[in-house]
Amino acid sequence: MKLLVPMDSEDTQEGVLVPIAEVKTWGLIDVEEGQVVEVRFFADKEAALEEWPDAIIVSGDYEPVMEFIEQQMMVLVAHMQRSIDDIVEAFLFKELHELAF
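Residues numbered from 1 in each chain as written. Predicted model: local features only at pLDDT ≥ 70, side-chain atom pairs only at ≥ 80, totals over all residues. Heavy atoms only, no water.

Q: Would you take a moment to explain the sheet that holds strand 2 (residues 25-32) for this structure?
A: Think of a sheet as strands paired side by side through backbone hydrogen bonds, with each pair either parallel or antiparallel. Strands sit in the order 3-2-1-4-5-6 across an open sheet of six strands; the sheet is mixed. This sheet does not close on itself; its edge strands, each paired only once, are strand 3 (35-42) and strand 6 (97-98). Summarising the sheet, strand 5 (residues 74-77) and strand 6 pair through two bridges and their orientation is antiparallel. Paired with valine 77 across the bridge in strand 6 is histidine 97. Lying on the sheet, helix 3 (residues 84-92) is in contact with strand 1 (2-7), strand 2, strand 3, strand 4 (55-58) and strand 5; it crosses strand 2 at an angle near 45°. (Pairing = 2+ DSSP bridges. Helix = DSSP H or I, 4+ residues; strand = E, 2+ residues; numbered from the N terminus. Contact = heavy atoms within 4.5 Å. Axes fitted to C-alpha atoms, helices over the stretch in contact; angles between N-to-C directions.)

Q: Just to check I follow, could you spell out the nonpolar core for this structure?
A: Proteins that are soluble and globular tend to have nonpolar side chains buried together. Grouped together as the largest cluster of nonpolar side chains are 17 residues, with contacts concentrated most on Leu3, Val5, Leu17, Ile29, Ile57, Ile84 and Leu96. Listing elements by their share of this core, those giving two or more residues are strand 1, strand 2, strand 4 and helix 3. When residues of this core are assigned to their parent elements, the largest contribution, five residues, is made by helix 3. Residues contacting isoleucine 84, with those up to four places away along its chain left out, are Met7, Thr12, Ile29, Val39 and Phe41. By size, the runner-up hydrophobic cluster in this structure holds 15 residues, among which are Ile20, Leu49, Ile56 and Met73. (Core = buried A, V, L, I, M, F, W, Y, C linked by side-chain atoms within 4.5 Å. Buried < 20%, exposed > 50% of the residue type's maximum accessible area, 1.4 Å probe, protein only.)

What follows is the structure in structure tokens.
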């Protein structure tokens, strides 16, 4: 499972999830069998989308995500989780919420 996350930096320990309007880098987290296999960063969204992410994780319900929905990508909201570790843990335990319109 590949998760696309708008981040404020490429630091896997200190970087946090930010609104899409404030993104500085796109993190692509590869999760297999409950473990983070790899985290890669992309300067632009188009390069990250070439990797075919399964889901995008956003920070709120009112993010501009229509282009991701049109690409059949699952959109999940991390209302409280901000770090990569917290986001992955919430994803694995199904604590992320589906987008509310």
